[in-house]
Amino acid sequence: MTEAETAAGHPTLIEPSDLPTGTVTMLFTDIEGSTRLLGELGDRYAELQESHFGILRAAAGAAGGVEFGTEGDAFFAAFRTPIQAVACAADAQRRIAAHRWPHGGPLRVRMGIHTGDVGLVAGGYVGMDVNIAARIAASAHGGQVVVSEATRGLVAHSLPRAVGLRDLGEHRLKDVAHAIHLYQLTVDGLTTEFPPLRTLDGGRRTNLPPERTSFVGRLAEQASLRELLGRSRLVTLIGTGGTGKTRLMLHVASHLVDRYDDGVWLAELAPLSDDSLVVPEVARAVGAVEEPGRPLAETLTDFLRAKSLLLLLDNCEHLVEAAAVLAESLFVSCPGLTVLATSREALGIEGEAIFQVPSLALPAALEPPDIHARSDGWLEDIATSEAVRLFVERARGIVPSFSVTASNAAHVLEICRRLDGIPLALELAAARLSVLSVEEVARGLSDRFRLLTGGRRTAVPRQQTLQALVDWSWDLLDEEDRALLRRLSVFVGGWTLDAAAAVTAEDGRDRLGTLDGLSRLVDRSLVAVERGDGGATRYRMLETIRQYARDRLVAAGEAAPIRARQVSYFLRLALEGEPALRGPEMIPWLHRLDAEVDNCRAALDWAFETDVVSALRLCVALKAYWDARAGAEKLERLRQAAEVAERMAPRGGQAADRDRAILVARVLAAAAQAHAVWTDATAGLAWAHDAVAIARGAGDVATLADALGALVLARIFAGQHDGLDALRDEALDAAHRSGNSWLVTMIDSGAAELDVANGDLDRARQRLEKAVEAAKRSGNPFALAFAALSQGVASGFVGDVDAARRWFAEAMARYEEMGDRRFVLIARSDLAHALRRGGALDEAEAVYRETLHEWVHVGNRGAVANQLECCAYLAQDRDDGERAVQLLAAAGAIRELVGAAMLPFERVEYEAALRSLREQLDPTAFGAAWAAGRRLSLDDAVALALARSPA
């Protein structure tokens with residue numbers, strides 16, 4: 001409570017009989033910033049205070065008023081007529097403004113005038129109107145005179161010359177039940193502009209604009225920012241343009257007005273073009289009035305020094321030095337002040353807390369799940385993500401009925417993902433729904449800078465188009481940083497410092513220079529830092545920034561040389577990792593290449609266009625990585641590489657260029673192995689034969705080992721088993737001679753499985769022992785897992801279910817460790833086979849139900865056919881013959897479609913089941929079931945397999 005607010009009941013300076021009674025007009029005053037002045041002047045403050053009292057007494061006496069008390073620097077006077085009080089206040093403010101004060105600046109005295117009925121007691125005046133007068137004075141600012149409606153109604157037509165009244169509207173005062181209409185006394189020659197009154201609703205003590213659209217999400221960010229403001233007096237929100245820094249700041253600040261006695265005030269710096277305009281804009285925003293002959297920065301500091309106030313500085317990035325200097329000065333000099341700023345880079349002030357504003361959260365799954373694996377709530381999960389919610393809310397402003405549906409969810413997801421969840425970009429995209437469908441908007445994002453225009457006309461220019469938004473950031477960079485940013489655009493999915501230096505620096509070795517440039521781009525929120533639990537620090541760009549910088553790269557004519565460096569760097573990385581992936585360092589190298597997989601794809605795309613030899617070398621080097629990670633991508637890339645390699649293959653069996661011949665053979669062997677196992681045994685067989693012939697001609701034993709190994713697999717999966725033992729022995733010999741323990745493990749383990757299926761247990765045992773020895777020599781996790789997997793298969797064939805469980809558990813644990821979900825699935829499928837052969841039908845059925853779902857999702861139709869056959873065997877064991885026949889027929893149709901032959905032991909089981917079913921069913925029923933099964937689509941066949949068998 002101020003001194004003015006405690007005036008009622010203070011000791012009188014004159015006898016009560018001299019005070020006016022009944023209806024009285026009261027003038028209450030006090031000095032704004034008196035505590036600061038006392039600290040500055042010390043003993044000289046008493047001189048200032050008495051001089052101030054002398055002026056007020058003289059003015060009151062001249063107007064016919066009676067002083068009835070003082071308290072500290074507060075002064076109280078009563079008048080028999082309201083016009084006397086108004087004349088006194090105007091005269092006093094003129095005298096105060098003209099006086100030379102000891103602190104060298106003007107003295108700012110606030111005044112309040114109110115007319116009402118009062119009671120007189122020995123201690124002075126009492127009554128509600130006394131309290132109202134005190135509250136009115138407390139609502140004013142230094143130099144301001146505030147008048148109540150009760151007084152205004154009595155003086156409006158008899159004001160002194162050069163004095164007027166300005167309507168300030170109705171206000172609620174503390175402890176006063178009803179709102180009171182207030183006015184400001186204006187005096188010619190004196191300041192007339194002041195901030196909103198310090199009332200309970202005086203503009204809510206803020207100039208924040210109202211929110212015109214709903215605020216979506218950001219619950220975690222709101223809570224974190226409020227908590228940070230509770231312990232830090234200087235906070236800067238940083239982030240890429242369009243991420244919603246201003247909107248988040250304004251939304252949080254609007255809920256904090258009551259935390260600060262003097263309110264929350266916004267200074268918008270975006271329209272300013274010069275550093276010298278920062279201080280005037282902030283002063284204007286908070287209501288600090290310029291004083292003649294005094295620096296405005298000093299006046300602003302004095303104005304804010306004793307206030308409890310939250311100051312918002314919006315869009316500091318283009319005036320960052322001036323904003324930082326002012327913010328630091330105010331931060332140090334005004335202990336009750338809190339500064340909250342937005343910028344694309346930090347202000348760089350001691351004591352500054354940085355709050356990184358991220359893009360809106362994207363859905364956990366960026367693609368709708370496969371139809372056979374969707375959870376019931378997948379659409380709801382998508383629709384409730386922050387990015388999707390914002391897009392939908394803004395879309396409904398254009399198309400009121402818009403919602404996320406099963407038919408448009410993929411397009412909405414694509415829009416949100418490709419726009420990185422940037423709020424402004426999503427709003428611009430939603431605006432396009434006035435003329436385009438959501439699918440057309442998604443397709444158009446490849447040219448997003450032309451598509452995303454037409455923002456609100458009332459928005460600042462840079463927020464009306466996506467192009468202008470990023471132009472704003474680009475224009476703030478110097479040429480050196482622009483060059484770095486556009487060259488970094490060739491990276492996809494992030495990069496390391498080493499990669500950046502190799503690709504963007506002129507000599508490829510300037511790590512420190514590149515680091516300095518990256519630091520500047522990070523500071524400007526154009527590049528983000530990704531800090532993992534270990535390994536190299538990574539950097540990334542939002543896709544919108546990357547596309548903008550890529551366009552600049554092309555315009556600068558640098559795309560070809562920079563992309564060539566990119567190919568060179570990632571080829572070197574892949575070649576370094578290739579042997580490690582077949583050795584004990586496989587897992588750390590998998591993680592390293594996981595981080596670079598998008599960059600490798602980009603390098604491959606460019607290499608296939610400009611440097612096919614490098615493209616082929618990169619494919620071969622990545623084969624070991626793809627074996628553990630990629631499914632369809634591996635097949636597509638290796639098919640592309642094989643088609644190129646076929647055109648480069650030497651003719652006549654002789655290699656004019658031995659190195660090129662070896663490369664061609666390695667590519668064909670890699671493609672043969674992948675396609676034979678996973679999708680196309682016929683193509684795999686042809687490529688494998690060519691690879692062996694070329695490798696023999698080149699005389700390279702390591703390449704020959706790979707080619708022979710691929711041919712062994714291709715012949716097995718193509719159903720060509722004649723002479724397979726001799727071919728396998730030759731492949732093993734070449735693998736031993738080249739020191740390829742990994743390949744030895746693969747060949748011996750696979751052969752052991754076939755030996756067990758064929759009943760040759762002794763031979764299988766010998767092969768498995770050799771496979772385990774080779775796996776241990778290699779130290780490779782995949783080889784060790786594959787050897788364990790083969791042990792499990794062998795145990796399952798001989799009916800040792802317990803041993804099979806142990807081996808499969810070991811294999812799955814190793815595959816899980818290396819993140820190879822496909823081989824986890826293979827191990828689980830083989831476990832189901834072992835359980836079925838061991839008589840655990842219910843348990844086997846439960847595992848098959850899970851693995852069939854996953855094989856469909858993976859897209860391996862040969863494996864799906866095998867699972868359907870196994871479900872048929874379960875149906876047969878449960879006397880559900882017609883369903884068994886339909887499943888076998890459907891599986892056969894799928895095998896024919898994709899060219900997936902059965903292994904010999906699979907063929908034996910299949911033919912035995914078919915004979916038994918023919919005996920069990922009459923010919924008509926069997927034929928009808930077979931025909932029905934052949935007509936089933938893949939989805940219908942899967943649904944039939946998953947139907948519960950009768951008990």
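Residues numbered from 1 in each chain as written. Predicted model: local features only at pLDDT ≥ 70, side-chain atom pairs only at ≥ 80, totals over all residues. Heavy atoms only, no water.

Considerations on the overall build of the protein
Working step 1: Assigned secondary structure in the protein consists of 40 helices and 16 strands.
Working step 2: Relative to the globule expectation of 30 Å for 951 residues, the C-alpha radius of gyration of the protein, 41 Å, shows a markedly less compact shape.
Working step 3: With the principal axes as the frame, the protein shows a C-alpha extent of 130 × 70 × 50 Å.
Working step 4: In the protein, which comprises 951 residues, the share counted as buried stands at 55%.
Working step 5: For the protein, the share of sequence-separated contacts (at least 6 apart) that also reach a separation of at least 24 residues comes to 71%.
Working step 6: For the protein, the exposed surface amounts to about 39,700 Å²; the carbon and sulfur share of it is 50%.
Working step 7: Each charge class in the protein was averaged separately, 103 positive and 131 negative side chains, and the resulting centres sit 3 Å apart. (Helix = DSSP H or I, 4+ residues; strand = E, 2+ residues; numbered from the N terminus. Rg over C-alpha atoms; globule rule 2.2 N^0.38 Å. Buried < 20%, exposed > 50% of the residue type's maximum accessible area, 1.4 Å probe, protein only. Contact = heavy atoms within 4.5 Å. Areas by Shrake-Rupley, 256 points an atom, 1.4 Å probe, with all protein chains shown as cover. Lys, Arg positive; Asp, Glu negative; His and termini not counted. Charge placed at Lys NZ, Arg CZ, Asp CG, Glu CD.)

Some details on the side chain of E32
Working step 1: Along the chain, the position of E32 falls in the loop between β1 (22–31) and α1 (34–41).
Working step 2: According to the relative accessible area criterion, E32 is buried, its value standing at 14%.
Working step 3: Engagement of the side chain of E32 in a polar contact is seen with the backbone nitrogen of G142, the distance being 3.2 Å.
Working step 4: In this structure E32 touches R108, H141, G142, R198 and K307, once residues within four positions along its chain are discounted. (Polar contact = N/O pair within 3.5 Å; in protein donor to acceptor, adjacent residues only side chain to side chain.)

Quick look at the side chain of Q566
Working step 1: Topologically, Q566 is positioned in helix α22 (residues 559–581).
Working step 2: In contact with Q566, not counting residues within four places along its chain, are V490, F491, V503, N599, A602 and A603.

Considering the pattern of salt bridges
Working step 1: Across all of its chains, the model carries 56 salt bridges by this definition.
Working step 2: Between R443 and E439 there is a salt bridge, with the nearest N and O atoms lying 3.3 Å from each other. Highlighted residues: R443 and E439, both in helix α15 (residues 438–444), separated by four residues, approximately one helical turn.
Working step 3: The salt bridge involving D700 is made with R658; its shortest N-O contact spans 3.8 Å. Taken as a pair, D700 in the loop between α27 (681–698) and α28 (701–718) and R658 in helix α26 (residues 658–678) lie far apart in primary sequence, 42 residues in all.
Working step 4: The partly exposed category is assigned to R658, whose relative accessible area is 39%.
Working step 5: When salt bridges that share partners are traced, they join E816, R821, R828, E850 and E854 into one network. (Salt bridge = Lys/Arg side-chain N within 4 Å of Asp/Glu carboxyl O.)

Here's the deal with the environment of L761
Working step 1: Considering the arrangement of structural elements, one finds L761 in helix α31 (residues 761–778).
Working step 2: Remark: the alpha-carbon pair of L761 and V898, spanning 137 residues in sequence, is separated by 32 Å.
Working step 3: In contact with L761, not counting residues within four places along its chain, are V756 and V798.

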